[in-house]
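Each chain, letter by letter, is given below.
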Amino acid sequence: MPAAYIENRTYDEIQVGDSAILTRTLRPQDIQLFAVMSGDVNPAHVDPEYAHSSMFHEVIAHGMWGGALISTVLGTEFPGPGTIYVSQTLRFSRPVKVGDQITIKITCKQKFDHNKHILFDCLCTNQDGLKVISGEAEVLAPTEKVKRERFELPEVTISDRWARYKKLLARAKGLPAAAAVFAQPVHAESLQSAVTAAESGILRPVLVGPEKEIRELARANNIDLLRCRLIDAPHARAAVAHAAEMARSGDANIIVQGDITTADFMARLIGHDGLRGVRRFSHVLYLDVPSYPRPIIISDMMVNIEPTLEEKIEITQNAIDFAHIMGTPEPKVAILAGIDTVTPKMRATVDAAALCKMAERGQITGALLDGPLGIDNAISLVAAKGAHIKSAVAGRADVLIAPDLEAGNMLAKQLEHLSDAVSGGVVLGGRVPIVLANRNDSIESRVASLVLALLVANQQR
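Rules of the game
Residues numbered from 1 in each chain as written. Predicted model: local features only at pLDDT ≥ 70, side-chain atom pairs only at ≥ 80, totals over all residues. Heavy atoms only, no water. Pairing = 2+ DSSP bridges. Helix = DSSP H or I, 4+ residues; strand = E, 2+ residues; numbered from the N terminus. Axes fitted to C-alpha atoms, helices over the stretch in contact; angles between N-to-C directions. Contact = heavy atoms within 4.5 Å. Phe/Tyr/Trp six-rings, centres within 6.5 Å; stacked < 30°, edge-to-face > 60°. Buried < 20%, exposed > 50% of the residue type's maximum accessible area, 1.4 Å probe, protein only. Lys NZ or Arg CZ within 6 Å of the ring centre and 35° of its normal. Disulfide = S-S within 2.5 Å. 1 Å grid on protein atoms, 1.4 Å probe; cavity = no way out; pocket = protein on both sides within 12 Å on 5 of 7 lines; lining within 4 Å. Points joined across faces, edges and corners; volume = space filled by probe spheres on them. Nonpolar A, V, L, I, M, F, W, Y, C, P; charged D, E, K, R; others polar. Expected span 1.5 Å × (residues − 1).

## Let's talk about the sheet that holds strand β2 (residues 19-25)
Turning to step 1, where the next piece is worked out: Ordered in space as β2-β4-β5-β6-β3, the five strands form an open sheet in which the pairing is antiparallel. In the strand order of this sheet, the two ends are held by β2 and β3 (84-92), each with one partner. On average, each strand axis in the sheet is inclined to that of its neighbour by 20°, with strand direction left out of account.
Turning to step 2, where the next piece is worked out: Strand contacts of helix α4 (residues 63-76): β2, β3, β4 (101-112), β5 (117-125) and β6 (131-140), with the helix running at about 140° to β3, the strand carrying the most contacts.

Now the structure itself:
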């Protein structure tokens, strides 16, 4: 733990041969922070794929990261506050890699009484004692004593959204491309997401809607539809009906909502000639939140408005099955409510208790359930401990089951917009997975949803 105070050593206090030492270990976030601060995005430092093909075979630190540590010693300890840099030479002997422990040693080499300058030898070595950086620094040393309370730096959180997005897309690698029917895709975002997914090799898009209007929209937005198959349909109702027929006949593996309201879109897929499978339709939202140690799944925030207990059983089982597809063999499922105790005055708490008992009896399978739990106790170990909740789920939830659509929707959108989450969603329970969308969804979110639908479709196939 650093000292509470920062204190310098004046010119008169320093003797030739005196030295100071600082030791630091290079972390991945150190490289990211240095790149953000400096703008140096040399792929040797920030692109693991490129770095593996380089002469060093892995990501290395920016050379000046080590140089900055020399400056840290000079400015904070030896001589410390009041020091003015005059010149610095650096010679780089070998790279610094993630996990390397670097020791910076600064030694007084020569003093100049006429101008109070000091020449220092600078040596940085790694954990094996091998020289990494060497050089000389000349500074104007302080002549007055300074001792001040050490300034506390703010915490810095790195949200590498692009890396989390690419990690999700990588789940589709190696899977056969699926036929995805975009019903009434007459806005630019639908077309761009279809083209992006096609270029990534994960989908074979089929665009069903008014062909002339689709082509004009593509031209106006510079979108190349070469990889997309177009089927003309006069209006939205006809487009959805054709998409459903393609799914029933096995010509479509995924259906994607276009420019039609969610209520109208789902109504035409739920009816007697729709795509209902063996279980109720329900929506799952996958969120990769930087402040949470694992991706989290929320259900239902798009389809079931005020689900009954019977409906919540199927919503919960759908979410559990989806968690299995995403690689969590025994997900921890938190049944959410406004409070953590069961009371007949709040139906959500009674439903939560019933769902947990049903899981104990094998009526819901493949997961650990607990509830009712407030959102704080579901995702925070500190909160759960403070509330004296002893549970394998509390503070560690993989899946959050909302009491109703309104609560689920507000929770999901808060996380999406306030926490820099990477998100995607898919409707389960039908013959094929269904992707819902709204105009506020980014292309990134739309493509993430298509990847999730592909994973579900691959499991169903």
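There is more to say after this.
## Some words on the packing of aromatic side chains
Turning to step 1, where the next piece is worked out: Under the defined criterion, the tally for this structure stands at one aromatic pair.
Turning to step 2, where the next piece is worked out: The interplanar angle of 70° and the centroid separation of 5.2 Å between the aromatic rings of F78 and F120 together place this pair among those described as edge-to-face. Taken together, the residues F78 in the loop between α4 and β3 and F120 in strand β5 connect sequence positions 42 residues apart.
Turning to step 3, where the next piece is worked out: According to the relative accessible area criterion, F78 is buried, its value standing at 0%.
Turning to step 4, where the next piece is worked out: For F120, a relative accessible area of 0% puts it in the buried group.
Turning to step 5, where the next piece is worked out: A cation over a ring is seen here: K111 above Y11, with NZ or CZ 4.2 Å from the ring centre.
Turning to step 6, where the next piece is worked out: It is K147 that lies over the ring of Y5; its NZ or CZ is 5.1 Å from the centre.

## Thoughts on the state of the cysteines
Turning to step 1, where the next piece is worked out: If you walk through the whole model with that rule in mind, you get zero disulfides.
Turning to step 2, where the next piece is worked out: With no disulfide of its own, C108 lies closest to C122 among cysteine sulfurs, the gap being 11 Å.

## A word on empty space enclosed by the protein
Turning to step 1, where the next piece is worked out: Counted under the stated rule, the structure contains one cavity of 30 Å³ or more.
Turning to step 2, where the next piece is worked out: Within this model, the largest cavity holds a volume of roughly 40 Å³.
Turning to step 3, where the next piece is worked out: Every residue lining the largest cavity is listed: F182, S190, S193, V256, V435, A437, R446 and L450.
Turning to step 4, where the next piece is worked out: Those elements giving two or more residues to the lining of the largest cavity turn out to be α6 (188-199) and α15 (443-460).
Turning to step 5, where the next piece is worked out: Among the residues making up the lining of the largest cavity, the classes are represented as five nonpolar, two polar and one charged.

## A closer look at helix α11 (residues 347-360)
Given 3.6 residues per turn, any residue in an α-helix points the same way as the ones three and four places further on.
Turning to step 1, where the next piece is worked out: Its 14 residues place the ends of α11 20 Å apart at the C-alpha level, agreeing with the 20 Å of an ideal helix rising 1.5 Å per residue.
Turning to step 2, where the next piece is worked out: Inspection of α11 places A348, T349, D351, A352, L355, C356 and M358 among the buried residues, and these make up the whole buried set.
Turning to step 3, where the next piece is worked out: Of the surrounding secondary structure, the elements contacted by the buried residues of α11 are α10 (309-325), β14 (332-336) and β15 (368-373).
Turning to step 4, where the next piece is worked out: Positive phi shows up at G362, right after α11, with a value of about 85°.

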